[in-house]
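# Results of the structural survey
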Amino acid sequence: MSPTPSIDLIENTDEIWVYIDLPGFKPEEIQLEGDPRTLHISATRPSELENGRNVLVNERIQQVDRVISLPTDVDMDQIEAVFEDGVCKITVPKQASERYREIEIHAE
């Protein structure tokens, strides 16, 4: 069973921000997939253990896998992901029909 990375999910009027902790991984080791209500992030890196006499081995996490349910439908064609300092920040725009908006009230 692979560990699940920590996430923060923040929703505002027009988009959702997802922050995923992936320390020690490189951008090319991370895969992001999804559909309008779900994001799936996984990361895999090769083992760093070497042949020889291992006195103490606390091998770093080699694989993570996390499925994130989104609170609303999103525009899959506009998702942006940036990886910096061990954190993957994903900006997920909401579908136009799902965006919060003010409704004007008219007087008769």
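Summarised in this report is the structure supplied together with it. Every value quoted in this text rests on a predicted model; they were computed, and no experiment measured them.

### Here's the deal with the packing of aromatic side chains
- In this structure the tally under the stated criterion is zero aromatic pairs.
- For R45, the ring lying beneath its charged end belongs to F25, and the centroid distance is 4.0 Å.

### Quick look at the sheet that holds strand β3 (residues 30-35)
- With antiparallel pairing, three strands are arranged side by side in an open sheet as β3-β4-β5. Of all strands in the sheet, those bounded by a partner on one side alone are β3 and β5 (63-69). Averaged over all pairs of adjacent strands, the angle between strand axes in this sheet comes to 10°, irrespective of strand direction.

### Here's the deal with the nonpolar core
- Membership of the largest hydrophobic core comes to 16 residues, with the highest contact counts inside it found for V18, I20, L22, L39, I90 and V92.
- With near-sequence residues (within four places) excluded, I20 lies in contact with P5, S6, I7, I41, I68, G86, V87, C88 and I90.

### Things to note about the environment of Q78
- You can see Q78 is positioned in the loop between β5 and β6 (80-84).
- Excluding anything up to four places from it in sequence, Q78 contacts T91 and P93.

### With respect to the pattern of salt bridges
- Evaluation of the coordinates by the stated rule reveals two salt bridges.
- Of the charged contacts in the structure, one is a salt bridge between K94 and E11, with a shortest N-O distance of 2.7 Å. Taken together, the residues span a long stretch of sequence, with K94 in the segment after β7 (87-93) and E11 in strand β1 (residues 7-11) at a distance of 83 residues.
- Taking relative accessible area as the criterion, K94 reaches 4% and is therefore assigned buried.

### Things to note about the environment of E11
- The class of E11 is partly exposed, set by a relative accessible area of 42%.
- Sequence-wise, E11 and K94 are 83 residues apart; in three dimensions their C-alpha atoms are separated by 9.5 Å.
- In this structure, E11 is in contact with I16, P71, T72 and K94, ignoring residues within four places of it in sequence.
- Side chain to side chain, E11 and K94 meet in a polar contact 2.7 Å long.

Quick notes on the rules
Residues numbered from 1 in each chain as written. Predicted model: local features only at pLDDT ≥ 70, side-chain atom pairs only at ≥ 80, totals over all residues. Heavy atoms only, no water. Phe/Tyr/Trp six-rings, centres within 6.5 Å; stacked < 30°, edge-to-face > 60°. Lys NZ or Arg CZ within 6 Å of the ring centre and 35° of its normal. Pairing = 2+ DSSP bridges. Helix = DSSP H or I, 4+ residues; strand = E, 2+ residues; numbered from the N terminus. Axes fitted to C-alpha atoms, helices over the stretch in contact; angles between N-to-C directions. Core = buried A, V, L, I, M, F, W, Y, C linked by side-chain atoms within 4.5 Å. Buried < 20%, exposed > 50% of the residue type's maximum accessible area, 1.4 Å probe, protein only. Contact = heavy atoms within 4.5 Å. Salt bridge = Lys/Arg side-chain N within 4 Å of Asp/Glu carboxyl O. Polar contact = N/O pair within 3.5 Å; in protein donor to acceptor, adjacent residues only side chain to side chain.

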